[in-house]
Amino acid sequence: MTLAHPAYAQLRQVTPVAAVMLENNPGMMTLDGTNTWILRAPGREECVVVDPGEDDEEHLRRIAEVGPVALTLITHRHHDHTDGIDRFVEMTGSPVRAVDPSLRRRTDAGLPDGELIEEVGLAIRVVRTPGHTKDSTSFVVEGEGSVLTGDTILGRGTTVLDSTDGDLGDYLASLRTLIDLGAGHTVLPGHGGDLPDLLPVAQYYLAHREERLAQVRAALAVLGEGAEVRAVVEHVYADVDPKLWDVAEQSVRVQLEYLRH
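Keep in mind that this is a model prediction, so the values were computed, not measured.

(A) Quick peek at the layout of surface pockets. As a volume, the largest pocket reaches approximately 730 Å³. Contributions of two or more residues to the lining of the largest pocket are made by α2 (79–82), α5 (198–223) and α7 (245–260). Residue contributions to the lining of the largest pocket peak at 5 residues, all from α7. Per-class residue counts for the lining of the largest pocket are 11 nonpolar, 12 polar and 6 charged.

(B) Layout of the pairing of strand β3 (residues 35–39). In terms of burial, β3 is a largely internal element, 5 of the 5 residues being buried. The pairing of strand β2 (residues 18–22) with β3 spans 5 bridges and is classified as antiparallel. Each bridged residue has a counterpart across the sheet, and for Val20 the counterpart in β3 is Trp37. Two elements, β3 and strand β4 (residues 47–50), share 3 bridges in a ladder whose sense is antiparallel. Bridge assignment links Ile38 to a residue of β4, and that residue is Val49.

(C) Examining helix α6 (residues 229–236) more closely. Turning to α6, its buried residues are Val229, Val232, Val233 and Val236. End-on, the buried residues of α6 take up no more than an arc of 105°, which puts them together on one face. On its buried face, α6 is in contact with α5 and α7.

(D) Looking closely at the pairing of strand β5 (residues 69–73). When you tally the buried positions in β5, you get 4 out of 5 residues, the bulk of the element. Bridge analysis of β4 against β5 gives 4 bridges, and the strand direction is parallel. Considered in β5, the bridge of Val50 is made with Leu73. The parallel pair β4 and β5 is bridged by helix α1 (residues 57–66), and the resulting crossover is right-handed. As paired elements, β5 and strand β6 (residues 96–97) share 2 bridges and run parallel to each other. By the bridge assignment, Thr72 is partnered in β6 with Val96.

(E) Focus on the sheet that holds β3. Taken in spatial order, the 6 strands line up as β1-β2-β3-β4-β5-β6 in an open sheet, and their pairing is mixed. Of all the strands in the sheet, just β1 (11–13) and β6 have a single pairing partner and so form its edges. The strands that α1 touches are β1, β2, β3 and β4; relative to β2, the one it contacts most, it runs at about 160°.

(F) A look at empty space enclosed by the protein. The full count for this structure, using the stated rule, is 1 cavity of 30 Å³ or more. Size it by volume and the largest cavity reaches roughly 40 Å³. Every residue along the wall of the largest cavity is listed here: His5, Pro6, Ala7, Gln10, Arg12, Val20, Met21, Leu22 and Asn35. Its residues placed into classes, the lining of the largest cavity shows 5 nonpolar, 3 polar and 1 charged.

Calculation notes
- Residues numbered from 1 in each chain as written.
- Predicted model: local features only at pLDDT ≥ 70, side-chain atom pairs only at ≥ 80, totals over all residues.
- Heavy atoms only, no water.
- 1 Å grid on protein atoms, 1.4 Å probe; cavity = no way out; pocket = protein on both sides within 12 Å on 5 of 7 lines; lining within 4 Å.
- Points joined across faces, edges and corners; volume = space filled by probe spheres on them.
- Helix = DSSP H or I, 4+ residues; strand = E, 2+ residues; numbered from the N terminus.
- Nonpolar A, V, L, I, M, F, W, Y, C, P; charged D, E, K, R; others polar.
- Buried < 20%, exposed > 50% of the residue type's maximum accessible area, 1.4 Å probe, protein only.
- Pairing = 2+ DSSP bridges.
- Arc of directions from axis to C-beta.
- Contact = heavy atoms within 4.5 Å.
- Right-handed = clockwise from strand over helix to strand, strands pointing away.
- Axes fitted to C-alpha atoms, helices over the stretch in contact; angles between N-to-C directions.

Any functional reading would require information that these geometric values do not contain.
Right, here's the structure in full:
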């Protein structure tokens, strides 16, 4: 039987190399839950894990049992991707590589842009894609053309830029970086189902951001250059359920910082 998204607590094979274990932590920001990706070269027992997820004993144990885990990679610092790191390392002994030094375990190695990580028969290229967070990183699985995008590109909807260290200029540049990878790359996102082709999705994300930015500019023309974040949200998102305005504030705050600096 071929599993379809969402499939909690079950290993779902997506490409010849990549399988996903969906954590049962659905929510407004996590969609159906956090995707923990397991990368394994054909014919090999060892694997590479991307984003172990929250500190959920059952979820972590299911991933550990898929092992042996030779390496764990982190797409970005958010807790729904990283809170389970310490327990996962206890279970597997895996080193953890991340941009953020506080997330590294059993290694001092970060994730330099462009590095080719060669591990257990896999070749994984690091593509730094900041914007959602400062440390956001994508991974290209060479040879099969899949891209793990973390929260930079989701399986559905669009991502929210973190108001503490997200940056719209960085995010727009990151989308262009992903567009430059070209057509035919399967999207393996941090949340939501996989997508068949990165190129049109990244192009849509870029167009959407530029459209929202134009709307914020127009709102400032009406409300004044010094308008508060909430006033801009209510103007730009007037057709959106007010329950979502608090979330929209994060993106608008980042957009205003981009326009004002």
